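Working through the structure, step by step
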Amino acid sequence: MTKTLGDRIRELREERDISLREFARVLGDVSAAHISDIELGRRYPSDALLGKIAAALRVALAELQQYDRRAPVDDLKRRAEADPTYGFALRKLVEHDISAEELLRLIREMAKEGRDDTP
């Protein structure tokens, strides 16, 4: 089973022996119930809250972000609205049933050619 963002937050919080209530207090304007919902995967933190969580747990924000498996729907919508060709390309991905593995392979190939900085 893949570890979720909530799993990782809980793991880090427990490693530091911080209770939910104490953690919520450290974060400021957030309840222990809200943190619990995040850890259980019922809710996702805002970017600002995730930044506070990372700081409170003394980890890099990027380390937590790698566990966030949500699709960046809002980002994709903005890009498709700004550039109709981008939306067309996304539709073609779906129409041709391009797998995530195929897409990542293409990105890696582009990186090898120096067209992208993705590892």
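First things first, this report covers the structure right here in the doc. (Residues numbered from 1 in each chain as written. Predicted model: local features only at pLDDT ≥ 70, side-chain atom pairs only at ≥ 80, totals over all residues. Heavy atoms only, no water.)

What to know about the overall build of the chain
Formally: Secondary structure elements are defined from DSSP: runs of H or I of at least 4 residues count as helices, runs of E of at least 2 residues count as strands, and each element is numbered from the N terminus. We compute the radius of gyration over the C-alpha atoms and compare it with the globule rule, which gives 2.2 Å times the number of residues raised to the power 0.38. Any two residues whose heavy atoms approach within 4.5 Å are treated as being in contact. Computed by Shrake-Rupley with a 1.4 Å probe, the accessible areas treat only the displayed protein chains as cover when residues are assessed. Neither His nor the chain termini are counted; the positive set is Lys and Arg, and the negative set is Asp and Glu. To locate a charge, take NZ of a lysine, CZ of an arginine, CG of an aspartate or CD of a glutamate.
Scanning the chain from N- to C-terminus turns up eight helices and zero strands. Taken from the N to the C terminus, the helices and strands of the chain come in the order α-α-α-α-α-α-α-α. A compact globule built from 119 residues would reach a C-alpha radius of gyration of about 14 Å, whereas the chain, at 18 Å, exceeds it by more than 25%. Once local pairs closer than 6 in sequence are excluded, the contacts in the chain between residues at least 24 apart make up 48%. Accessible surface, the chain as shown: approximately 8,600 Å² in total, 52% of it carbon and sulfur. Mean positive and mean negative side-chain charge positions of the chain (22 and 24 charges, respectively) differ by 3 Å.

As for the environment of Glu15
As a reminder of what qualifies: Three exposure classes are used, based on accessible area relative to the maximum for each residue type with a 1.4 Å probe and protein chains only: buried under 20%, partly exposed in between, and exposed over 50%.
Along the chain, Glu15 turns up in helix α1 (residues 5-15). Note on Glu15: relative accessible area 54%, which makes it exposed. Sequence separation between Glu15 and Leu57 is 42 residues, and the spatial gap between their C-alpha atoms is 9.6 Å.

Topic: the side chain of Arg8
By secondary structure assignment, the location of Arg8 is in helix α1. With near-sequence residues (within four places) excluded, Arg8 lies in contact with Lys3, Glu15, Glu63, Leu64 and Tyr67.

Focus on a nonpolar patch on the surface
Put simply, the rule reads: Surface patches are defined over residues having more than 30% relative accessible area and no salt bridge, joining like charges when they lie within 9 Å and nonpolar side chains (Val, Leu, Ile, Met, Phe, Trp, Tyr) when within 5 Å. Just to be clear on terms, a salt bridge is a Lys or Arg side-chain nitrogen sitting within 4 Å of an Asp or Glu carboxyl oxygen.
On the surface, Ile98, Leu103 and Leu106 cluster together into a nonpolar patch covering about 220 Å² of accessible area. With respect to the helices, strands and loops of the structure, Ile98 is situated in the loop between α7 (84-95) and α8 (100-112). By relative accessible area, Ile98 is classed as partly exposed at 37%.

A word on the side chain of Asp37
Of note, Asp37 is situated in helix α3 (residues 32-39). Assessed through its relative accessible area of 19%, Asp37 is described here as buried. Excluding residues that lie within four positions of it along the chain, Asp37 makes contacts with Arg42 and Arg43.

Topic: the environment of Ile98
Sequence separation of Ile98 and Arg79 is 19 residues, and the distance between their C-alpha atoms is 20 Å. In contact with Ile98, other than residues within four places in its own chain, are Leu93 and Leu103.

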